[in-house]
Structures are given as C-alpha cells and as structure tokens.
Amino acid sequence: MTVQISRLIEYKPMQRFLLRTTVFLITFFFSVFVLHAQEDTTKPTSVDPSLLALENAKIAKEYTIAGIKLTGAHYLDTSIVLSIASIQVGDKVLVPGGDLFSKAIQNLWRQKLFSDIQIYITKVDAEANNIWIEIAVTERPRLADFKFEGVKKSEEDDLKGKVGLVKQTIITENMRRRAVEVITKYYTDKGFKNVTVDIEEKPDSSFVNSNSIVFHVDKGRKTRVDNIFFNGNDNVPNGKLKKQMKGTKEMTKITLFPSKDVDPYGRDSAITFNEYVKEWGPLVPSKTKAVLDPYFRFKLFNSAKFDAKKYEEDKEKVINYYNAIGYRDAQIVADTQYNSTNGNIDVALKLLEGHKYYFGNITWKGNAKYSDSILNVLLGIHKGDVYNIQTLNKKLGKELSPEGGDISGLYMDDGYLFFRVDPVETAVYNDTIDYEIRMVEGPQARIKNVTIAGNEKTKDYVIRRELRTIPGELFNRSEVIRSVRELGNLQYFNQEKINPGVVPNAEDGTVDINWTVEEKSSDQLELSAGWGGGIGLTGTLGVSFNNFSIKNIFNKDAWDPLPQGDGQKLSLRYQSNGRAFNSYNASFTEPWLGGKKRNSLTLAYYHSKFSNAFDPVTGLPDKSRSDSNYLKTTGVSISLGKQLKWPDDYFSLVYSINFTKYQMKNYPIFEGMDNGTSTNVSFKVALQRSSVFDPTFPRSGSNFVASVQLTPPYSLINPGLVTSVNPYKTPEYHKWRFNAEWYVPIGRATGEDKNRQFVLKLAAKYGFMGRYTKKLDFSPFERFQLGDAGLTNNYGLLGYDIIAQRGYPVYESSDPTINPDQSTASKFFTIFNKYQLELRYPLVTNPSSTIYGLAFFEAANGWYSFQDYNPFRLRRSAGVGMRFFLPMFGLLGFDYGVGIDRLGPNVKLKDASRFTFMLGYEPE
C-alpha cells in the first residue's frame, strides 16, 4: 500500500493532499476512540459503530492487534483476564463493523468480576495495518471484613457460619442478596416475621480496593401463634386436631370469653376475633369469665413460633389423623394466617370431614401357604372396624416393622423373599369398604453369598459368628434384624451404619446378603479422681480393650497400637490415694470359647489394701500405721457362660467360682474381728435373659437376672465352728438376687434419623442373704449397702453389693431422716428392695458420643432381718440427671436427687437433696 500511495503522490498531486488528510484523520480518530462498558446488570455496553467511521469512509478495514495493555487489575493475573476476554496479540479486527471488542467486553462482564470495563485504541500504524489497545478494568471491591449490628453475640456467631461470607472474596450483588436472605430466614425460623436488614458498605483502607460490610438487623417483635381455629370439624374436637400439629403450637394461656354458653375454641364453629367483637362487642370485665380449654395441653419449652415448613407438615398430620379414624375423604379446603390484635398471628383451617367409613368383607386371593382363617387372625381386622388404611398396610407389612407380627413378616420369615401383597378395594357402599387382598407368594429364597465389608480391625470370623444369615439356609427377615442387633451389641460398629444389603436373585431364586459396617472406637480409658467412700481423695487409672486379640500379643506386627480384632476383652484398673488405699484389678473375657458356640470364659484377679494410716489422736497421716492397721483383700474368679436354646436363645446361664481371702490386722470392722484371716469360697449360678438392643441407649427390650451365690455349709459339716474363736474364718451364706429391667418407647420417634424418642425404664431389684444356722450370725461379708451413687467404698472391699439410691446418703446411721426403720447404727443389710422409674430422652446419638437427659423416681429400703422387713416401707426419691457416653471414656453421669422422705419441718430442700457423680459404669 505504501508503494501505491507513493505512486499516487508522484503522479496525482491533488490526490496526494487528500490521502495525507485521510491518514491524519484516521490516526487522530483511533488515538481517541474508546470502547466503553458501564456497569449494567442487564446488558453490557457495546462499541458504538458511528465512532469508528469517518464522515466519508464507507469501507471497513482490517487491522492486526500488535499490542495489548491491561490496567486496573490489582488481584487478577493479566494472562487470565486476556484468556477470559478471548483476545490476544495477532488477532484480526475489522474496523468499523467488527465485533471482537464487543465480544471481549461481554466475556469479561459475564464473570461478574468487574464494575467497569473500557477498551482504548492507543496507537495506530496505518501502513502496517497494526493497532495497539488498552483494556482498562475496574475490579469489583473485595470483602475486607463484615459484622452484624443489632444481634446477640451467640446469634452473631451462628450467622457468621450461615451467611458463608469469606474475607477477600469479590463483593457481588448476589452475595449481598443471599446474605440478606440467610439472615432473614434465620430469624424467621426463630419466630421473627418482620425482620429488616440494611446493608452499609464502606471502603476499608486495610486492603486495596476493599470494602467492609455492616449488616444492620432489626428483628422486630417475635411473632407467635395466638390461636389455631378449625371450622368444619363436626366430629373431632379442636384439641385432638391441635395435638396432631406437633410443629405448630398455640401460646399457652387462659382466654377471657363472655359468659354466654358458647365454645370459644370453635368446636361448634370457628370464630375470628373480628367476628367475636361483632357478635359480642368489646370484652368488658363484668361480662366476661375465664375459660380454660378442656383440651388444654402444657408442653415444656413450647415457643408457639410459626414455621411455614412445619405448618405444611402439620396439615398432612391432621389429614392422616382423620384417615386413621375412618374419614378417608377428609381434606383441608382452605387455610390462612392473619395478624391478631397483639401483633402475633392466628391460624385458621377449614375442614371437610366427609363420611366415616368402616371395613367390610375382606377376602384373600393367591394364598397357598396359609389358609384364609390363619391370615384373618394375623391381620386382626374385622368387619365393622373403623377404616384405617395405615393399620391395614401395617398389618400386611407394606410398612416394614422390626417388631414383625405382620403378613409379610410371616412369609419372609419362611424364605418367601419375593412375596408381594396388594390390598384392592372391590366395593364401596354407604359407609363400608370391601377389600380383596391379592398375594403373590413366589418361591422360597435361599441365602447364596454372605459378604462383609468395612471392618478394618475386626476379623471377619468375629462378625460371622454373630450373624444368623447362613449360606444355604432359607431367608429369614427376623434373623436379619436379629443379626443387626447382635452386631450392634458388640459396640464395635456405628449402629446407624450396619446395613445387611439384601440383594435378591430372581433368576435362580437365591439372595445375597452383603453386610457393610463402619467401625468405631470401642476401647475406653478411665482417668479420674474422686473423694469419698471413707477413703478420701483417690485417683483411678483404667483401660478396657473391648476388641482385643490375646493370640497376637507376642506378634509385633499386630501391635497397631495394640493387637485387636478377635473380639476379646481385657481390662486393667488401678486405684490409689497413697499409703491408705491401693487396688489392682485385671480381667479377661473370651466371648466364644472354642470359636463354635457362644460359650464365654472370664478370668478375673483383684487385690486391694485399705489402711488406717491416720493417727487416732491427731487425725494426721501416720505412715507407720499403714503396715500395722490394714485390711487386705485378694481374690480370683472363673466364670463360664452358655447361651441357651430354650425357652428362647435370649437366655444364658453363667456359672462362676470365686475365691477371696481377707486379711485383717488391727482393723476392727466388726466386733471380735480385729485380726485374722478369712477365706471365702463361693459358687454362683445366674440365669439371665437380655433382649436389649444398643446397650448405650436402649429403646426397647428387657433384662432379667436371677442368681444365687452360696458357700459350703461349714457349720453343718463342723458344728464346732459356731463356738470357735473365729467363726468367720470360713464364712458361710447363701445370697439370692433378682433384677428386672424393661425399656418402653413412648410416643413416636422424631428427628432426621427417627432416633429422638422418649424411653421409659422400669426396674425392680431384690436381694436376700440367708444363713445355714441361726446359731451363727450373718456373714460379715457379701452383704448389701444402700444409698448414694452406688460407688465402691471401703465396704465394697468386703464383697458388699453397693446398691444406689439417689437423694440419700449411704444408710449407715439411725438418723430418722435417712432410715427410720433401722434402730441400730448398722452399715449393712441382709435384705433390700428397690423400684425405679426413669424417663429418658436422647439429645445426641452418633458414633462419637451419646448424650441423654433423664428424670427419675426411686423407692428403696434395706432391712437387717425378716423381723424388720416391711416391703411397703420404702424411702422415696426423685430428681433429674444427664448421661454422656464417650468412646474413649465410657459413661460420665450426673444426678441431682431429692430424698422425699427426708423432707420435714426442720429439713430444708438443700439438706434433703444430693448431687451424685458416676464414671465408667452405671451403678445398680
């Protein structure tokens, strides 16, 4: 082109002038031309083509971008910005008319990183057809800091985690909008319906191009539900319907209504406040009376706040309740919420109940295994019963129930895994519905493969021996459920993650069961200090390895950090407070002796020394007395347990032989027993039944234990023992115990995992110690002690059964506020009765911890002989407590109990109450 221009200049002087003028104007134009994008959330600004054309230019010309400069980017890398813009050196651009620049602006704008984008052409080389451009951007400000005004400190901590704001991230309109939505929802869920959030944004000099945001929150007044009105509920009282609305509650109150005979809660008709005023006029004290709803319900911690999500769920519950009592056509035709006069809201629902239906004839089709009569008995629904589709589905097994007792369970427990059942309405006439139950029994399925996954420490055989799903046997749903419970009782696995993974194989009529588990820490460490028990300050260090492997104890490769995985239990425990008290305990349990049957073996050893290491005059420690005044106890025991098949396999029988040696030196525990040695050899047999699932927090099942422990009848073998100097050198007795515990779930399970449910524990415990001859007093060993937290004390060293009773100290005096039936200052009993009610509620249930609260009522007492025995004379107590189960530390418990029978004119509540603490185990 240069050559062409030169020729033109040489041969055409007039055109030479025109070309020079054109080149000058084009250069000037491109030097000032600006492609500018203003912040617009709807449409980026494109290049104005009119700025690219000269007045007389009509043909676009192509230029090559020779250089690109980026300005205004403080945080973003230049190469990244150019990559986003899709523009680079060497690109061709048509000017005017090209769209390269407008596309680059659009590409950058879509990233929402900039508040302003401009493209300048800074230099033009007309002869080489090159241009240089500058992309000038203004980055959106970044978040330097944020805070909340008008909220509590605890609420601010919650909001910081919920809004999801991160410092030094780009501030966008979406970020602001989302933060406001989160804050509003947070307070709306708490019952604040009139929340306003104002955003104050200002520059922050701490960082370049950064702003700080302050959220000014005005929560307003908390909005609660004043009243819930129903209209159209002719057959169901308001109170029954309100009871179904678990998530939408009225404020508990007494409302004033006129004395005219009208139901203020709308059981005859629902009325609004305005309708009330229109009918009765303003409330006047002389015309009003206090009316308490006869369906008045008090609920602890009832906030009466309105939650829209829970409200929708509650409406479904109302309809489900109607369906459960026969009104299958019931529906809510309209509902609304409106502001009441005091700033809260009222909720009104209009119902259409429809007719009440009843079951008619029920026939069976497709059943070959069981007759109609057997199925009818198991179904338990008769002609004329109130229609309830939920009951029908439950009885048929359409809704899986671990308790069984349904039609599906009957078939699946006999291998009919492919069983199907469908209830079909065959006729609806008047208020009666006939059903035909159509069944497909299918073939019996046998278990083909059983696999196990997820057990990183526990050996496969430890899991398999607990399973009742054996390859080759018929599928049995009850056995699958029982296997889940048995694995849970091991305490090696997360209860919620035990999954049988049933995979039917319809082609060959078999089923695979692929068990998956998730292991959790089952070992426990006890490190504690306590005061009491007649011992003083005592430190305890103990460990329990609940999944131990004794055979790998000498295998260095198996120590990770300990040999584990064989399901054995090893416990070691040491207690001491210096010279006054020392105790060692060790035990080992093999739950499957021989590996083929559930026969357990337990070996235990214990040794303790209790010294009266205090000067009797000064009361100060005296080291020399620890070796001259003491009680030593050394013992070993061997126990064998066997699972029984009859009456059912929840029963087991345990035999044990116990040897204990007591050595006393200048230690007067009982009259005439200051020095000497006593050897206690006893045999114990215990019959027990346990159907408890999840011993950490049992929700159902029961425990029963009946035991007898006895020594040889030395006085009958050697009558001269009665008159000997030390008749208790070989103590004799027979001790009988019976414990019974039931766990009863109360109400429906709630929560995401359906694990929040009240559980009622009922317990009864009895103990009696007898003697072979009345010529010899009761044995000073193996008696009962009652009261306090049930923790071991110095009398526990004598083999005493320490029975807890919260709210009372240990019964060791004749103080009538403690034990008015005990006329002497006894510290022991030969008979005791104890009854217990305990209502529990889980607060946390997960593998890392289990926490639940409880309220209890207890009644117990002890007697020295049958002459004193009065089973109706019991010491009562009540209180509350908490339990914490931590994988490494086991049980941690706190109780506050009030001894009801200690209260009196001269005994205040604080003097009749006790705070008790327990660690490691639940006392009796």
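What you see as residue numbers is a count from 1 along each chain, following the sequence as written. pLDDT decides what is reported in this predicted model: residues at 70 or higher carry local features, side-chain atom pairs at 80 or more are listed and counted, and totals for whole chains, interfaces and linings draw on all residues regardless. Calculated side-chain values reflect all of the structure's heavy atoms, with hydrogen atoms and water omitted.

Focus: the overall build of the protein chain
Line of reasoning, step 1. Here a helix means four or more residues in a row that DSSP labels H or I, a strand means two or more in a row labelled E, and each is numbered from the N terminus. Each helix and strand in the protein chain was counted, giving 15 helices and 37 strands.
Line of reasoning, step 2. The proportion of buried residues among the 924 residues of the protein chain is 43%.
Line of reasoning, step 3. Counting contacts in the protein chain only where the partners sit at least 6 residues apart, residues at least 24 apart contribute 61% of the total.
Line of reasoning, step 4. Note on areas: Shrake-Rupley, 1.4 Å probe, and residue coverage restricted to the protein chains presented here. Total accessible area computed for the protein chain in this model is approximately 48500 Å², and 55% of it derives from carbon and sulfur atoms. Burial classification: accessible surface area is computed with a 1.4 Å probe over protein chains only, and a residue below 20% of its type maximum counts as buried, one above 50% as exposed, and the rest as partly exposed. The criterion used for residue contact is that any of the two residues' heavy atoms lie within 4.5 Å.

Looking at the packing of helix H3 (residues 78-85) against helix H4 (residues 100-110)
Line of reasoning, step 1. For every element, the axis is a line fit to its C-alpha atoms; helices are fit only across the contacting stretch, and the angle between N-to-C directions ranges from 0 to 180 degrees. Close contact between H3 and H4 brings their axes to 7 Å; oriented N to C, the two are set at 115°. Only Ala104, Asn107 and Leu108 of H4 make contact with H3, whose side of the interface consists of Val81, Ile84 and Ala85.
Line of reasoning, step 2. Of the residues contributing to the contact of H3 with H4, the split by class is five nonpolar, one polar and no charged. Following the grouping adopted for this structure description, the nonpolar residues are Ala, Val, Leu, Ile, Met, Phe, Trp, Tyr, Cys and Pro, the charged ones are Asp, Glu, Lys and Arg, and the polar ones are all others, Gly among them.

Focus on the sheet that holds strand S12 (residues 331-339)
Line of reasoning, step 1. The criterion for strand pairing is that DSSP finds at least two bridges linking the strands in question. If you walk across this open sheet you meet the three strands as S9-S13-S12, and the pairing is mixed. Each edge of the open sheet is held by one strand with a lone partner, namely strand S9 (225-231) and S12. Direction aside, the axes of adjacent strands within the sheet are offset by 15° on average.
Line of reasoning, step 2. With six bridges connecting them, S9 and strand S13 (residues 345-352) associate as parallel partners. Within the sheet, the bridge partner assigned to Val225 lies in S13 and is Ile345.

A look at the packing of aromatic side chains
Line of reasoning, step 1. Two rings from Phe, Tyr or Trp (for Trp, the six-membered ring) form a pair when their centres are within 6.5 Å of each other. A pair whose planes differ by under 30 degrees is stacked, one over 60 is edge-to-face, and the rest are tilted. Throughout the structure, instances matching the rule amount to 32 aromatic pairs.
Line of reasoning, step 2. Seen from their ring centres, Phe697 and Tyr852 are 5.0 Å apart, and the 55° between their planes marks the pair as tilted. Of this pair, Phe697 sits in the loop between strand S27 (676-690) and strand S28 (701-710) while Tyr852 sits in strand S34 (residues 849-863), placing them 155 residues apart in sequence. Across the pair, exposure class does not vary: Phe697 and Tyr852 are buried alike.
Line of reasoning, step 3. Here the aromatic rings of Phe866 and Tyr869 are separated by 6.0 Å at their centres, their planes lie at 90°, and the arrangement is edge-to-face.
Line of reasoning, step 4. Here Phe866 falls in the exposed class, since its relative accessible area comes to 53%.
Line of reasoning, step 5. By relative accessible area, Tyr869 is classed as partly exposed at 28%.
Line of reasoning, step 6. Of the aromatic side chains, those joined through ring pairs into one cluster are Tyr370, Tyr411, Tyr416 and Phe419.
Line of reasoning, step 7. Two limits define a charge over a ring: the Lys NZ or Arg CZ must be within 6 Å of the ring centre, and within 35 degrees of the ring normal. Its end group placed over the ring of Tyr387, Arg328 keeps NZ or CZ at 6.0 Å from the ring centre.
Line of reasoning, step 8. A cation over an aromatic ring shows up here: Arg482 above the ring of Tyr650, its NZ or CZ 3.9 Å from the ring centre.

Things to note about the sheet that holds strand S18 (residues 502-505)
Line of reasoning, step 1. The strand order across the open sheet built from three strands is S17-S19-S18, with neighbouring strands paired in mixed fashion. In this open sheet, the two edge strands, each paired with only one partner strand, are strand S17 (446-453) and S18. Taking each pair of neighbouring strands and ignoring which way they run, the sheet shows an average axis angle of 15°.
Line of reasoning, step 2. Across six bridges, S17 lies against strand S19 (residues 510-516) in parallel orientation. Note on S19: the bridge partner recorded for Thr451 is Asn514.

What about the confidence of the model for the protein chain?
Line of reasoning, step 1. The predictor rates its confidence in each residue with pLDDT, a number between 0 and 100. Residue-level pLDDT values for the protein chain average 81, and 81% of them are 70 or greater.
Line of reasoning, step 2. By mean pLDDT, the top-scoring element of the protein chain is S19 (96), and the lowest-scoring one is helix H1 (residues 2-11) (30).
Line of reasoning, step 3. Confidence over residues 276-301 falls short of pLDDT 50; this stretch has 47 contacts with residues more than four positions distant or in other chains.
Line of reasoning, step 4. Ignoring residues within four places in sequence, the model shows residues 812-826, a span with pLDDT below 50, making 30 contacts including any to other chains.

What to know about the packing of helix H5 (residues 153-163) against helix H6 (residues 173-189)
Line of reasoning, step 1. At a minimum axis separation of 10 Å, H5 and H6 run at an interaxial angle of 135°. It follows that H5 is oblique to H6 by the angle criterion. Between H5 and H6 the crossing geometry is right-handed. Along the contact surface, H5 presents Glu155, Asp158, Leu159, Lys162 and Val163, while H6 presents Arg178, Ala179, Val182, Ile183, Tyr186 and Tyr187.
Line of reasoning, step 2. Tallied by class, the residues present in the contact of H5 with H6 amount to seven nonpolar, no polar and four charged. Here the angle decides the label: under 35 degrees means roughly parallel, over 145 means roughly antiparallel, 65 to 115 means roughly perpendicular, and every other value means oblique. Each helix crossing is assigned a hand: it is left-handed if the near helix lies turned anticlockwise from the far helix by less than a right angle, otherwise right-handed if that turn is clockwise.

Notes on the nonpolar core
Line of reasoning, step 1. Within the largest apolar cluster, 26 residues are counted, with the highest numbers of intra-cluster contacts made by Ile65, Ile87, Val93, Phe101, Ile131 and Ile135.
Line of reasoning, step 2. Mapped onto this core, the elements with two or more residues apiece are strand S2 (61-71), H3, strand S3 (92-95), H4, strand S4 (114-125) and strand S5 (130-139).
Line of reasoning, step 3. Ranked by residue count, the leading element in this core is H4, at six residues.
Line of reasoning, step 4. Here, nonpolar core means buried Ala, Val, Leu, Ile, Met, Phe, Trp, Tyr and Cys residues that are tied together by side-chain atoms lying within 4.5 Å of each other. If you look at the next biggest cluster of nonpolar residues, it comprises 22 residues, including Met412, Val450, Ile452 and Val480.

Thoughts on a positive patch on the surface
Line of reasoning, step 1. A surface patch of positive charge is lined by Lys240, Lys243, Lys246 and Arg748.
Line of reasoning, step 2. Mapped onto the elements, Lys246 comes out in the loop between helix H7 (238-244) and strand S10 (255-258).
Line of reasoning, step 3. Accessibility expressed as a relative area gives 48% for Lys246, which makes it partly exposed. Exposure above 30% relative accessible area and the absence of a salt bridge qualify a residue for a patch, where like charges join within 9 Å and nonpolar side chains (Val, Leu, Ile, Met, Phe, Trp, Tyr) within 5 Å. Basic side-chain nitrogens of Lys or Arg form a salt bridge, by our definition, when they fall within 4 Å of a carboxyl oxygen of Asp or Glu. Charge counting treats Lys and Arg as positive and Asp and Glu as negative, with His and both chain ends excluded. By convention, the point assigned to a charge is CZ for Arg, NZ for Lys, CD for Glu and CG for Asp.

Looking at a nonpolar patch on the surface
Line of reasoning, step 1. A surface patch of nonpolar side chains, about 520 Å² in accessible area, is lined by Leu593, Leu640, Tyr655, Ile657, Phe683 and Leu710.
Line of reasoning, step 2. Inspection of the secondary structure assignment puts Ile657 in strand S26 (residues 651-665).
Line of reasoning, step 3. Ile657 sits in the exposed class, given a relative accessible area of 52%.

Thoughts on the environment of Arg142
Line of reasoning, step 1. Considering the arrangement of structural elements, one finds Arg142 in strand S6 (residues 142-149).
Line of reasoning, step 2. Given the relative accessible area of 14%, Arg142 is considered buried.
Line of reasoning, step 3. Considering only alpha carbons, one finds Arg142 and Ser212, 70 residues apart in sequence, at a separation of 8.5 Å.
Line of reasoning, step 4. Here a polar contact is taken to be a pair of N or O atoms separated by no more than 3.5 Å, where protein atoms must pair a possible hydrogen donor with a possible acceptor and residues adjacent in sequence count only if both atoms sit in side chains. A polar side-chain atom of Arg142 sits 2.9 Å from the main-chain carbonyl oxygen of Gln168.

Side note on the side chain of Thr916
Line of reasoning, step 1. Along the chain, Thr916 turns up in strand S37 (residues 913-919).
Line of reasoning, step 2. In contact with Thr916, not counting residues within four places along its chain, are Asp788, Ala789, Arg806, Gly893, Phe894 and Asp895.

Details of the side chain of Asn211
Line of reasoning, step 1. For Asn211, the position within the fold is in strand S8 (residues 210-218).
Line of reasoning, step 2. Discounting chain neighbours no more than four positions away, the residues touching Asn211 are Pro141, Arg142, Leu143, Ala144, Asp145, Ile171, Glu201, Lys202, Pro203 and Asp204.

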